[in-house]
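The residues making up each chain are set out below.
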Amino acid sequence: MWPVSGHSIFMIKLVDYKRITNALLLVLLLYGANSCEPDRSFRFALLSDLHIAKGSPAAGDLRSVVQDINTLKEIDFVLVAGDVTEMDVDGNLDTAKVILDKLRNPYYIIPGNHDTKWTDSGAQRFGQLFSDDRFVFDYQGYRFVGLHQGPLIRMGDGLLAPQDLDWLDSLVTTTEIQKPLIWVTHYPVDESISNVNAFLGRMHALNSVLIMHGHGHRNRISVYGGIPAIMTRSTLKAGQPAAGYNIVTIARDSAIVRERLVTGSTGPAWARIPLVRNTENTFYDLEQTSSPPHVQEKWRVETGYSITATAVTDSNFVFMGDASGKMRALDLQSGTMIWERASEGPVYATASVDSEMVVFASTDGTLRSFIPETGDPIWVTNLGDPIISVLLLDQDQVFVGSSNKGFYALDKQLGNVQWHVPQAQGYIETRPLLIDDMLVFGTWKNKLYALDRYSGDIRWVWQDGTPGPLYSPAACWPVAGDGKIFIVAPDRYATAIDKESGKTVWRSNRFMVRESIGISEDRTRVFVKTMRDTVVAFAATADQLTPLWISDCGYGYEHAPSMLLEKNGSLYFGTRKGEVYCLDAMNGQVRWKFRIDKSLVNTVTPVSAGSVLATTLSGSIVYLSTKP
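Here the structure is a predicted model, which is why all the values come from computation and not from measurement. (Residues numbered from 1 in each chain as written. Predicted model: local features only at pLDDT ≥ 70, side-chain atom pairs only at ≥ 80, totals over all residues. Heavy atoms only, no water.)

Participant: Got a minute to help me understand the nonpolar core in this structure?
Facilitator: In globular proteins that are soluble, nonpolar side chains generally tend to be buried together. Judged by nonpolar contacts, the single largest core of 32 residues is most densely connected at Val440, Leu448, Trp460, Ile485, Phe486, Ile517 and Val526. Sort the elements by how many residues they give to this core and strand S33 (residues 484–488) lands first, with four residues. Among residues more than four places away in sequence, those in contact with Ile517 are Cys476, Trp477, Val479, Phe486, Ile487, Val488, Val526, Phe527, Val528, Met563 and Leu564. The next biggest cluster of nonpolar side chains, apart from the first, holds 28 residues, and it includes Leu47, Ile52, Leu62 and Leu93. (Core = buried A, V, L, I, M, F, W, Y, C linked by side-chain atoms within 4.5 Å. Buried < 20%, exposed > 50% of the residue type's maximum accessible area, 1.4 Å probe, protein only. Helix = DSSP H or I, 4+ residues; strand = E, 2+ residues; numbered from the N terminus. Contact = heavy atoms within 4.5 Å.)

Structure below.
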C-alpha cells in the first residue's frame, strides 16, 4: 500500500497497466465513433511546441495561429503546453510573448524541456515574462492545472521538481475532491518523467479526468495511470499541410478534440473522451536497482529544491547551492549543516573552493565569496548577467563564464574584474579547462574557445563540429592530454583538437557519445560514456580513437551529462536514472553501482578510491562509501 494525501493506492504490474490502457482506449475510440456531438458548453484552443527561434519559420507559424484564433468568437481561452522556444536564448521568449499577447482571449502557459534545458537565464526569464511557470484556474466547474516537468539545465528525463511537488501538495489540500481537474503538462505522464508515480499519486488524490500535453508533435490518444490523455500537434507547419492547433470542446462531461489549420479548415473530431472520475488508480512498475552490500550511504541530505550543481569539497566541508538560492556548507563526515547563506536567485552553478575561500555564483549575476569554515563574506561582485557555469579558482584568479556577456577573470582577493572577453558567443554552462596558461571552454553557439589565462586574448576558436547550437560542445567539461584537447558533443562525435593551433586532429562517431567525458589522473587515458550501456577508454597519445577497453555497464539508454572522474584507480560517474557507478579505471570492470535517487545524478565528486559525493536533480546530496 502507498499512502498519498490520505488515500491508499495499489501498485499493479506493468502488464496489467497495459491491459487496462488498451481496454480504455478501445472504449474511447468506440465512444468517438458512435457518439453525436453534445451541445457546446465552452471551447478553448490547445497549442504546444511553438519552438520559436531566430531565423526559423516558427514565429510566422505562431502569428498565423494567433490570427486564426482571433477570428473564432467561440474560443473562451487558450492553453499553451510548452516548448515555447527552440532555446531560451537571443530573446526567443520575448518574441513568443509579443505574438501571444495579441490573442484576444486569456492564455495560460507552461514551459517545456526546450525552455528549461537550453536557457541562458537559468529558466528564470519564463517566470519573469509570463508571471509564473505554472498555473491553476477554474472555469465553468472545471479546474485547470498546468506545470512543467523540466528537466532543469541538465539533459535528463522529465522531473517534477521537489518545489513543484510541494506546490501540488498544497493544491491537493485546497481542492474539493469532487471538482474535476484537467491537467496540462509538456511531457506525457509516463516513464519519461523519472518520478512519474509521485506525480500520479497527487493526480489520483483528486478528481483528475483528463491530461493534455505536447512534446510528441502529433495528435494521439493515450492513458496514463488510468487517466485518459491527449497529445497535441505542434503549431509548426513542418511537414504538415499548414500550421495549426487543436480546439477542445467541453460539453456534457466530455472532451471533443478537433484539429484546426490556419487555412480556415477544422477537421472532424479525432478524440471524444468522457470526463469521469478515474477508478483505476494505476502506477508504473519502474525498474529497481539493488544496492551492493559493501557500499553504504554514509549520510544523505534532502534540500527540498532542485540541484544542478556538483558538490565540491576542501576535505573538511562540502559546498553546494540549489534552486532556492541557498548556498550551503556541510560537514564532510556527518552531513551536518555548518552554515547557510542566501542569494537573490537560484544557484545552479557549481562552486569552487580552495584553502582561503569558496565562491558561489547565481542567476542574479552575482558572485559571492566566503570564508569556508565560517561563511563570513569576503567580497560580492555583480556581473549583471545570469551565471550557470562552473566556477574555477586557481592561484590568484577566479574564472567564470556568463550567459550573454562572455567570459571573465576576477582578482581572487578583491573580486575585481581583471579581464573580460565579450566576444565569447553563446551562453556558458561548462567547467573551463585550465591547461598550462590556457583556458578552454565551449558555448551554446557551437564554438570552443581557447583564451590566454592572464590577458584573456583569444588564442583560437574551434568550430569544426556539426552545425547548429543544439550540437554544441557546451555541456561537456573539456579534458587535455598529450598536447590535445578532447571533447564530446550531442552530434555523437568525440573530437581531439591540437592544443596549440586549435586544429582538428581527429573526429570519430564510432561510439555514440554525447556530453560525458573524463581523463585519467596521469592524463594518458580518456574516458567517454556512450548513450547505450558502455563506457570506453581510449589512448590520449594515439592519432585516432584507439580503444583500450570497452566496458558494458548495463545502464541502458543514457543522455545525462555526468563527467567521468578518476580517483586513485576508481572511475566514477552518474546516470539519468539516479545511479552512481564505480569502475576500475585500468580495465573498465564494474566494481559497483548504487542507486541513490530516481532522478539525474550530476557530475560526482570523488573523495577517495572508495567514497564519492553525489547530488541529484531532485534535491539530494549523498555521501557514498565502501565498507572497510
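Next, the rest of the story.
Participant: For this particular structure, what's the right way to read the environment of Pro377?
Facilitator: Assignment of secondary structure puts Pro377 in strand S23 (residues 377–382). Exposure remark for Pro377: the relative accessible area of 62% places this residue in the exposed category. Distance from Pro377 to Leu100, taken between C-alpha atoms, is 44 Å for residues 277 residues apart in sequence.

Participant: Would you take a moment to explain unusual backbone geometry for this structure?
Facilitator: Among all residues except glycine, the phi angle is most often negative; among peptide bonds, the trans geometry is most common. In this chain, Gly150 is followed by Pro151 through a cis amide linkage whose omega measures -5°. As for its placement among the helices and strands, Pro151 is situated in the loop between strand S7 (142–147) and helix H6 (162–174). Positive phi is not limited to glycine here, since Ser131 has a value of about 75°. Within the secondary structure, Ser131 is located in the loop between helix H5 (124–130) and strand S6 (134–139).

Participant: Looking at this structure, how should I read the pattern of salt bridges?
Facilitator: Under the criterion given, the structure shown has 33 salt bridges. Residue Arg260 pairs with Asp68 through a salt bridge whose shortest N-O separation is 2.8 Å. Remark: Asp68 occurs in helix H2 (residues 58–69) and Arg260 occurs in strand S13 (residues 254–261); sequence separation between them is 192 residues. Exposure remark for Arg260: the relative accessible area of 10% places this residue in the buried category. One salt bridge in this structure joins Arg507 and Asp491, with 3.2 Å as the shortest N-O distance. You can see Arg507 sitting in strand S35 (residues 504–508) and its partner Asp491 sitting in the loop between S33 and strand S34 (494–498), a full 16 residues away along the chain. Owing to a relative accessible area of 10%, Asp491 belongs among the buried residues under this scheme. (Salt bridge = Lys/Arg side-chain N within 4 Å of Asp/Glu carboxyl O.)

In short, geometric facts, not functional conclusions.
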